[in-house]
Every structure is written in C-alpha cells, then in structure tokens.
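Descriptive analysis of the structure
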Amino acid sequence: MKIIYTDVLIIGGGLAGLRVATGVKERGHDAVVLTLVPPKRSHSSAAQGGMQASLANCNMGEGDNEDIHFSDTIKGSDWGADQEVARMFVHCAPKAIRELAHWGVPWTRVHRGDHNAIINAKKVTITEKDEAHGLITARDFGGTKKWRTCYTSDGTGHSMLYAMDNQAHKEKVEIHERQEAMSLIVDDGRCYGAISRNLMTGELVAYVAKATTIATGGYGRIYSVSTNAIICQGMGQAIALETGVATLGNMEAIQFHPTAIVPVGILTTEGCRGDGGLLLDKDGYRFMPDYEPEKKELASRDVVSRRMTEHIRKGKGVKSRYGDHLWLDITILGREHIEKNLREVKEICENFLGIDPAVDWIPVRPTQHYSMGGIRTKYTGESQTLKGLYSCGEAACWDMHGFNRLGGNSVSETVVAGMLVAEYISDFCDSHESSMHIHSSKIEIALKEENAKIDALLANENGESAFKLRRRMEEILMDKVGIFRNGEDLQDAVNELEELYKRSKNIEVTAKSRAANPALFNAYRTQRMLKLALTVAYGALLRTESRGAHSREDYPSRDDANWLKRTITSWPDPEQTMPSVSYEDIPISNMEMPPGFRGYGKDMTEAHPDSRVRQSAVDAIREKFEKEGASRQEIQNALMPFLDKLPKKYRGTNERLGENV
Amino acid sequence: MSEENNRVLKISILRFDPNDPEDFPHMETFEIEEAYGMTLFVALNEIREHHDNSLKFDFVCRAGICGSCSMLVNGKPTLACRTLTKTLGESITLAPLPLFELIGDLSIYTGKWMRGMNERLETWIHTEEGTLNVDKLEERMEPALADEIYELDRCIECGCCVAGCGTIQMNKDFVGAVGLNKIARYHLDPRDKRSEDDYYEIVGDEDGVFGCMTLLGCEDVCPKDLPLQSKIAYLRRMMVKNAY
C-alpha cells in the first residue's frame, strides 16, 4: 500500500489549482498537485479573450472601479450571486492581475495617442492618455459598462497558465501528472485526501493531507457539443458528490456561449464581438439591434445565446447538414487587427473550417460553455458540509457568478479565488483544527474499496457499452436540458437519465488492462457523469422560473418571491438512483444591491417583498453618507462590509490613475 | 463549406503497450469512412469507439491550443487535432513522437521532458524578492516590447520541435528549440533580472545554444510558427558578444 503524506492536496492543475498550490507553499505548507495532464495542457489555456479587473487604464476604461465591476457582476448573475463573495472578488481582481504581471504575463499594454476601433459597426478614433502609456490595457466584453477585460492578444489563458505553472515550479510545488483522483478519503465528517490512480501504470496511491482542494474545472462534457476541453468531465464534482457528505450548488446553471464554430464547437472568443464583430443571419442582416437595441451583440452571454436561438427558430438561420447556424462577421475589423489581436481565431478558422475570417464570415451557434454550478463552498472555499475539503475555480460554486457568468470573469475567478483560498487553507493548516485523527486502517480500507471497484468493472461480462450510454446522455442534455427548457422535456430527460444511470452499473469493459486503458477510464467516468447529468436535469426540472442561463419557456419570469435560492444537491446513499435536492435562501436583507431589473427585454421579474424594503434602506444609507461627503469606499462599507473577510494582506485600496494616483 | 468526400481512409497506427511484457511494436490498420470536416481527432475517436477501445492517444483542447496531441502524421511531427483528413491521402500513417517516454500507442509523456527542461533552464521570471506591492500600479512596459515577448510566449510545449531535431538524436541532453526559445523570451523581458553571465551559465555550451546544427527541422515543424531559428541565432550572437 502506497501512502503519500502532504499538508495540502490539490486535485487539478489549471490556473485555480496552481494558484492555491503556490499560495500555500509561500505560507510554508507542502503542496502536491494531482493532475490528469501536464498542467500547461489544462483547459485554462483555452481562455482566449481575457481577464476582468477594473484597472481603468485605457480610455474606454476610464472611471472604472470595483463598484462598477460589482454591479455588472451582480446584474450578470441575475441576482443569483453571493454579493459578499462578488465584492471580495472585484476588490482582489486588480491585485491578481498585477501579481501575474510581476510573474511574467506579457499583458497587452496601452499605447499613448490615437488608435482606431470598431464600435457599433462604425470606425471611431480613441485617444489614449500619455500617463497611461505602458500600463495594462483592456478590451470590451459583453455585459460590462467599461472596457475592463485585460488580455494578451487572444492567448490570455495560455500566457496566464504558463506564468502560473512556471511560478509553481519556482516555488517547488510537487506536481504529479497523469493522476486521476478516484475518491476522497472521508472519516468522521472530515476529508483527509484522496485515492488516486496513476493513468500510466494503473497503480492506486493514497494521498493523505490536512486539507484537500478540488480545482478540476467544469463539467461541460456531459453535453454533446461543448467548447470545453475533453477532460472537462466533472470528475471533481462527482467524487465530492460521492462522499455523500459534500454538496453541489446550482448544477442546473449551465452557460451557452454564443459563438462556437459549427460543427465542432470550438470557441471563437467573445473578443470578436468585443472588438466590433457582428452577428448576421442567413440574409446577412444584423439582427441583434432588433432584440437588444442598447447592448446589441454585447448583451450578456445568456441573452445573446437565447436571441440567436429565437432568431434561428424564426427561420432566419443558415441551413447546414449539422443544423442551422448564424454568421459571425469580423471582416470589418480588418486583416491587421485580426492577425494581431484575434490570431487564435484566425488559426481556428483556417484549420477547422478552411476559411479566412478577414474575408469570410464564420459559421457559429450557441454551444455549452461554462458550469456556474459546482461544489458548494463557503466564502473561504471550504465545503459547507465536509470539513477539510476546499474547492475553487469553475469546479466550485463559490458563487460570484450566480446564474450567469460574465465573459472574462472566469479566468479572473481562477486566480482570485486561488489566491484567497490559499490563505484560508493556510490559516486552517496553521491551526490546531487541522491535526489529523484518522487511523491508517481507514486509509487502507479506502484503497481496497477503490481496487475492488476496478476489479469488478474489469471482470464484468456481457454488460452495457459505456460509449453508447454516454452518447445518449450527451444527446439528452443537449436536446432537453439546453438553452430553452420546459417541464415536459425536462421530465423526459430525468426519466431517461435515471434509466441510463441504472444501466451504467452494469458496464462491461472490453479492454482488460489495469494500466493505461482508455476503455476503463471511460467506463467509470461515464457512471459518474450520469450522476452529474441527473443533478443538472433534475435541478432544472424543479426550478420553475427563469434566471440567468436557466430559461424555462413554461415559467418565463424570474420569480424572486419563490426562487431567490440556490439549489443544493447531494447523494447521501450510494444506492439511490436520483440526487437529493434542497435549497439555500439568498437573503436580501444584507444585500448591497437588492434584486432589480437586469436591463434586457421586458421586465418579467416577480419581485420579492423584501427587495423594496432593502432598496429603501440602501438608498437612505447612500443619501446620508453622500451628504456627509463620504468616499465611495465608506459608503460601500456602510452598505455591506466585506473587508474583514479578506486575508489582511489583500485588504489594501487599489491604486488607479486619476482616482488616487 | 465544401462538398463531402466519401473516401475510405486506411489509417495505420503504431501499436505498442509497454505495460504488457508480451506485446511488441507493430502496425495496425483501421478502415473508416471519411466524413465532412473530419480531423484526426475525430477519426481516432471513431476508431476507439467502434473498432478498438484500447487505442491510446492524447487530446485535451482538440483546438490546437494545448499541445497534447502532437504525433507523427505520415512521418512529420504535427498536431493531430487540427489536421483535416482531407489534406492527406487515403492511406495515413500515425506514430508517437520519438524521444519522449511512451505511455502506449500514440500517447507519450511530454510533461516529464518539459518539466526537466524547465527546471534546468529555470524558465520563470527571476525577480528580486519583496518587490511586488499588489495594491500599486503595475510596472510599465513598452507596448511593442510586451507584444514581442508574447510572440515568443506562444510556445505550447507540444514537443514537435524536439521530435524534429537532429541534434537531440545525437545528444539527449540538448535543450532543444523549445528551451532556447524560452531563454530568448526571458532575455527579452526586463522583469527578469538575470545577467548575461547567468544566461551563459545556462545555455552557453553544446547542450545549449552551441549544440544546434542549424538543420531548421524545429522551425519547419513548429505548429505555432515561432521564429525558432532566428532566436537561436540571436542567442548565439549574444553569447559570443558577451564572451569578449
């Protein structure tokens, strides 16, 4: 029996996991990262467009600050977010981006003087200030009032991930590659690490740790067409769910990205529209201004995706053998701009479509993109119900995104959450609470159980094909748990998924090797993905309202009176074939920004009576403090204090040109 | 979108499972019907799903961004995910990249090699301790310089340049174009405080910049079109200049 002891075990080697590992290491704790692939291959590398941080350096970002970033994020979330967490996030995003700059990310910079941009299909000249020259610049993204999305060309995730991984090397973080966490070691309500499988040799190893962090990204691959890397199968959420103790939050909140290429679902960045690209229908007509006269192509992602789908349903889509699609036109940006700032997009167009996006329109349609749901955590990143288990990044429901995430806020979250959670974990490891009280026999039992499961899978004869079960699951989610949802389809989806889940207990693996065996990992992952699929479909069926990315045609209003709550899912008994669902209220009484109208289409909100009460209180506090000449920070603190929740080192005021420099 | 081509592709794959003492390297040919827009990613998944589910290969992003799926396609190192089958003949040969540890079939362990190289060359920014205050404005950088650094930062560590390198065939300790490109990138970066002497220590020998035989294989196969040869030449000139 092989046991590796460490202070902090991190499952997942993307931006969030690496940032946690680096942070706890700096605080003097040992860290081991388990990762399916070399960290530089992580899905974080695919983020093209950028990272939101309210630096306010460039002309179109002038006047930006935490307050505006906060307000955009809360509106974007359709009031589903945890406002304290969102505050912590927007306060720390500028710090995270400056830290990354220090670690070597070659952020694209402001150049003094005039440059041209395309805004609302017109060429405009923007003049950058002398004093901003050489600072980090930003581009426009959907749902943001200011240009706030910082970037490196269109390889932002790549350059961030490489800098982060290099920093982890520098800090001598141990990284164990091609390791798959198979189960968490749980004893007496506390998590003590994980049983991991070496994907090259098949060897099972117990990693025992004071604190365990899941940072494995999203679960988009339960859908048949997704922009996610193919390793984004939700295994982190699944092993947390399988403890029966940890819970998942808002699993039904699935974001569709408006512009993935047809048919393969590879993403073209929101930067295309941010930089001035247009959406056109089969007649070459720009339809978004008809639906969203104000924000047009740059409305929130969920809104644009739905408008595109509505327009296709009106018969305005372009017919293709893969179904209808629309066009993304970036030709108006000009070849020079495309080859410099949208080069990945150009390469993708050339390699996968054989077209030149400086001349041709790009065939696009909305495609599964982001998982707002995940392991439910407190603001510290710790599971609400399983001590010693932490989670951050897309794997978590830390809940700054609520029911819809704004573009550029997710890579930002990975490093900000990673930075903060590393401190909370370090505090935990420094405290007496973290000492371990697990008997080695318990670890042995956990290892033996995992071994027995694999033996049983390999021994099974004449069973089901994991590939077939999985393909069917993917189709069901795509067809019945997609952009627009309704009770009938969702009920069908839940019924069939439960049936598939039952059948998945009898999977046969035809290739029998215990070592590197893709059939084996496909088998156990399919069983787990089916559990996650059920949490998504069942959560969507029960939520009889429309909020953010969750859009019910039979319940089109956002129903604050009944549904201002998070869905909490668990799987307490391994024998049950459906998840257990409960709810957690999102209290209005301490909100800085009580629920209101998001600003898209017609206001269909069924308001909560507390919203008006809280709004009056907020208005009164604001008026009183403004009269007294208080600063915006003082007003904010009076409305909803959050600084005391942050680690001391991150409480400082952010410097900005024009504000306090 | 162009017309469908209903060719039957004969895909020959080098098979070998190093975990199986009975196994030996051999070629195995699979026939599949070509589909519109088919890439090698699609073709290999179809083979695994319908013909042999023990077939080992690596894809992560399947969009030419992560560098996982480099392999020899008809003998040439390249990214399989973005190789459209229509650009190839009806008979296609696939083999794992040489020089890296083999996991099985087309799957190789580039991570181990890259990590060794990164640790050897210390491919991270060497700043002075305690010089960062995250509350303050970031250090300024000339926009053109930031762009220039990003140009070299685009490397995805796919290993194609290593597989295409004649020097490494003879000298396993050669850091390859991937390593030299990284040094050129840090040398360009004013945030990295290493001196010319420090760089000389790291790559000023035959395992480094003086080992390169200028066969240009690396640049020929780089899927990101990095200017590898001119950067190696630049480093060499810098080393020589520094020596006098």
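Residues numbered from 1 in each chain as written. Chains lettered and ligands numbered in written order. Predicted model: local features only at pLDDT ≥ 70, side-chain atom pairs only at ≥ 80, totals over all residues. Heavy atoms only, no water.

**Focus: the overall build of chain B**
Scanning chain B for helices and strands turns up nine helices and seven strands. Considered along the principal axes of its C-alpha atoms, chain B spans approximately 60 × 40 × 30 Å. Taken across its 244 residues, chain B has 57% of its residues classed as buried. In chain B, the share of contacts with a sequence separation of at least 24, taken over all contacts with a separation of at least 6, comes to 63%. For chain B, the exposed area adds up to about 10400 Å²; of that, 49% sits on carbon and sulfur atoms. Put simply, chain B has 26 plus and 43 minus side-chain charges, and the middle of one group is 4 Å from the middle of the other. (Helix = DSSP H or I, 4+ residues; strand = E, 2+ residues; numbered from the N terminus. Buried < 20%, exposed > 50% of the residue type's maximum accessible area, 1.4 Å probe, protein only. Contact = heavy atoms within 4.5 Å. Areas by Shrake-Rupley, 256 points an atom, 1.4 Å probe, with all protein chains shown as cover. Lys, Arg positive; Asp, Glu negative; His and termini not counted. Charge placed at Lys NZ, Arg CZ, Asp CG, Glu CD.)

**Some remarks on the overall build of chain A**
A tally of helices and strands in chain A yields 18 helices and 20 strands. Summarising its shape, the C-alpha atoms of chain A cover approximately 65 × 60 × 50 Å along the three principal directions. Relative to its 661 residues, chain A shows a buried fraction of 67%. For chain A, the proportion of contacts with a sequence separation of at least 24, taken over those separated by at least 6, is 73%.

**Considerations on helix α8 (residues 301-316) of chain A**
For α8(A), every residue scored as buried is listed here: R301(A), D302(A), V303(A), V304(A), S305(A), R306(A), R307(A), M308(A), T309(A), H311(A) and I312(A). On its buried side, α8(A) packs onto β12 (254-261), α6 (271-274), β13 (278-280), α7 (288-291), β14 (326-329) and β15 (362-371) of chain A.

**Observations regarding the layout of surface pockets**
Considered as a void within the structure, the largest pocket measures approximately 1500 Å³ in volume. Looking at the largest pocket, it is lined by 48 residues, and the ones nearest its centre are R221(A), I230(A), R471(A), F41(B) and N45(B). When residues of the lining of the largest pocket are traced back to their parent elements, those giving at least two are α13 (466-480) and α15 (518-542) of chain A together with α1 (40-50) of chain B. Considering every element that reaches the lining of the largest pocket, the biggest residue donor is α1(B), with seven residues. Split by residue class, the lining of the largest pocket holds 24 nonpolar, 10 polar and 14 charged. (1 Å grid on protein atoms, 1.4 Å probe; cavity = no way out; pocket = protein on both sides within 12 Å on 5 of 7 lines; lining within 4 Å. Points joined across faces, edges and corners; volume = space filled by probe spheres on them. Nonpolar A, V, L, I, M, F, W, Y, C, P; charged D, E, K, R; others polar.)

**Regarding the packing of aromatic side chains**
Counted under the stated rule, the structure contains 11 aromatic pairs over all chains. Taking 5.5 Å as the distance between ring centres and 65° as the angle between the ring planes, the aromatic pair formed by Y501(A) and W571(A) counts as edge-to-face. With Y501(A) in helix α14 (residues 487-504) and W571(A) in the loop between β19 (565-570) and β20 (580-585), this residue pair connects regions lying 70 residues apart in the sequence. Across the pair, exposure class does not vary: Y501(A) and W571(A) are buried alike. The interplanar angle of 70° and the centroid separation of 4.9 Å between the aromatic rings of F41(B) and F59(B) together place this pair among those described as edge-to-face. Of the two residues, F41(B) is situated in helix α1 and F59(B) in the loop between α1 and β3 (70-73); the sequence distance between them amounts to 18 residues. (Phe/Tyr/Trp six-rings, centres within 6.5 Å; stacked < 30°, edge-to-face > 60°.)

**Re the sheet that holds strand β2 (residues 26-33) of chain B**
All names here are of chain B. If you trace the five strands from one edge of the open sheet to the other, you get β2-β1-β5-β3-β4, paired in mixed fashion. Where the open sheet ends on each side, the last strands, each with one partner, are β2 and β4 (76-79). The mean inter-strand angle of the sheet, taken between neighbouring strand axes irrespective of direction, is 35°. Pairing of strand β1 (residues 8-15) with strand β5 (residues 91-95), which is carried by four bridges, proceeds in the parallel orientation. Pairing of K10 across the sheet is with S91, part of β5. Set on the sheet, α1 makes contact with β1, β2, β3 and β5; between it and β2 the angle comes to about 100°. (Pairing = 2+ DSSP bridges. Axes fitted to C-alpha atoms, helices over the stretch in contact; angles between N-to-C directions.)

**Notes on the domain arrangement of chain B**
Residues and elements named next belong to chain B. We note that the domain assignment places domain 1 (3-108) and domain 2 (122-243) within chain B. Remark: the boundary between domain 1 and domain 2 carries zero salt bridges. On inspection of domain 1 and its partner domain 2, the count reaches three residue pairs in polar contact (both at pLDDT 80 or more). In terms of residues, the side of domain 1 that touches domain 2 owes the most to one element, β4, which gives four residues. Of the residues in the side of domain 1 that touches domain 2, the class split is eight nonpolar, four polar and two charged. (Domains from an automatic or database assignment. Salt bridge = Lys/Arg side-chain N within 4 Å of Asp/Glu carboxyl O. Polar contact = N/O pair within 3.5 Å; in protein donor to acceptor, adjacent residues only side chain to side chain.)

**Quick notes on a nonpolar patch on the surface**
Where nonpolar side chains cluster on the molecular surface, the patch consists of M170(B), M213(B) and L215(B) and spans about 330 Å² of accessible area. Within the element layout of this structure, M170(B) appears in helix α5 (residues 166-170). (Patch = residues over 30% accessible without salt bridge, like charges linked within 9 Å, V, L, I, M, F, W, Y side chains within 5 Å.)

**Describing the sheet that holds β19(A)**
Strand pairs in the sheet, formed through backbone hydrogen bonds, run parallel or antiparallel to each other. All names here are of chain A. The strand order across the open sheet formed by five strands is β18-β16-β11-β19-β20, and the pairing between neighbours is mixed. If you trace the sheet from one side to the other, it starts and ends with β18 (396-397) and β20, each paired once. Summarising the sheet, strand β11 (residues 248-249) and strand β16 (residues 374-376) pair through two bridges and their orientation is antiparallel. In the sheet register, L248 faces β16, and the bridge partner there is I375. Contacts from α15 reach β11, β19 and β20, with the element oriented near 55° to β20.

**A few points about helix α6 (residues 176-188) of chain B**
For α6(B), built from 13 residues, the straight-helix expectation of 18 Å at 1.5 Å per residue is met to within 8% by its first-to-last C-alpha distance of 19 Å. Among the 13 residues of α6(B), 13 are classified as buried, and the element is accordingly described as predominantly covered. (Expected span 1.5 Å × (residues − 1).)

**Section: the interface of chain A and chain B**
On the chain B side, the residues contacting the 84 residues of chain A number 72 residues. Counting the surface lost from both chain A and chain B, the interface buries some 6500 Å², and carbon and sulfur atoms represent 52% of this. For the pair chain A and chain B, the interface holds 13 salt bridges. Put simply, D147(B) and K340(A) hold a salt bridge, and the shortest N to O gap is 3.4 Å. If you look at where chain A meets chain B, you find 47 residue pairs in polar contact (both at pLDDT 80 or more). Contributing elements (two or more residues each) for the side of chain A that touches chain B: α3 (83-102), α4 (156-170), β7 (174-177), α10 (343-353), α13 and α15 of chain A. (Buried area = accessible area lost by both parts, 1.4 Å probe.)

**Focus: the packing of helix α7 (residues 196-203) of chain B against helix α9 (residues 228-243) of chain B**
If you want to describe how two helices pack, look at the angle between their axes and the distance between the axes. All names here are of chain B. As a packed pair, α7 and α9 sit with axes 10 Å apart at the nearest point and diverge in direction by 120°. Classified by the interaxial angle, the pair formed by α7 and α9 is oblique. Two packed elements cross with a definite hand, and for α7 against α9 that hand is left-handed. Residue-level contacts link E196, D197, Y199, Y200 and V203 of α7 to M238, M239 and N242 of α9. (Parallel < 35°, antiparallel > 145°, perpendicular 65-115°, else oblique. Left-handed = near helix turned anticlockwise from the far one by under 90°.)

**Let's talk about the pairing of strand β1 (residues 3-11) of chain A**
All names here are of chain A. Judged from the eight bridges that link them, β1 and strand β10 (residues 204-214) form a sheet pairing that is parallel. Within the sheet, the bridge partner assigned to I10 lies in β10 and is T213. Sheet topology note: the β1/strand β2 (residues 31-35) ladder contains four bridges and is parallel. Within β2, the residue paired with I11 across the bridge is L34.

**Quick notes on the UniProt feature "domain: FAD-dependent oxidoreductase 2 FAD-binding" (unreviewed entry) in chain A**
UniProt's entry tags residues 7-411 of chain A with the feature "domain: FAD-dependent oxidoreductase 2 FAD-binding" (unreviewed entry), counted in the numbering of this structure. Helix makes up 27% of residues 7-411 of chain A and strand makes up 24%, while its end C-alpha atoms are separated by 26 Å. (UniProt positions renumbered as here; feature names shortened; annotations may be inferred.)

**Let's talk about the environment of I125(B)**
Looking at the element boundaries, I125(B) is found in the loop between α2 (110-121) and α3 (143-153). On the basis of relative accessibility, which here comes to 2%, the residue I125(B) falls in the buried class. Sequence-wise, I125(B) and R191(B) are 66 residues apart; in three dimensions their C-alpha atoms are separated by 6.8 Å. Sequence-distant contacts of I125(B), that is, excluding residues within four places in its chain, are made with H102(A), W103(A), G104(A), K170(A), R185(B), Y186(B), D189(B), R191(B) and D192(B).

**Some remarks on the side chain of R343(A)**
Here R343(A) is to be found in helix α10. Sequence-distant contacts of R343(A), defined by excluding residues within four places in its chain, comprise D154(A), I338(A), Y150(B), E151(B) and R154(B).

**Notes on the side chain of T39(B)**
By the secondary structure assignment, T39(B) is in the loop between β2 and α1. Not counting residues within four places of it along the chain, the set of residues in contact with T39(B) comprises F352(A), C81(B), T83(B), L84(B) and T85(B).

**Observations concerning the environment of S70(B)**
All names here are of chain B. Counting through the fold element by element, S70 comes out in strand β3. Note on S70: relative accessible area 2%, which makes it buried. In sequence terms S70 and D58 are 12 residues apart; their C-alpha atoms lie 8.4 Å from each other. Discounting residues that sit within four places of it in the chain, S70 has contacts with T78, L79, L97, I108, C158 and C160.

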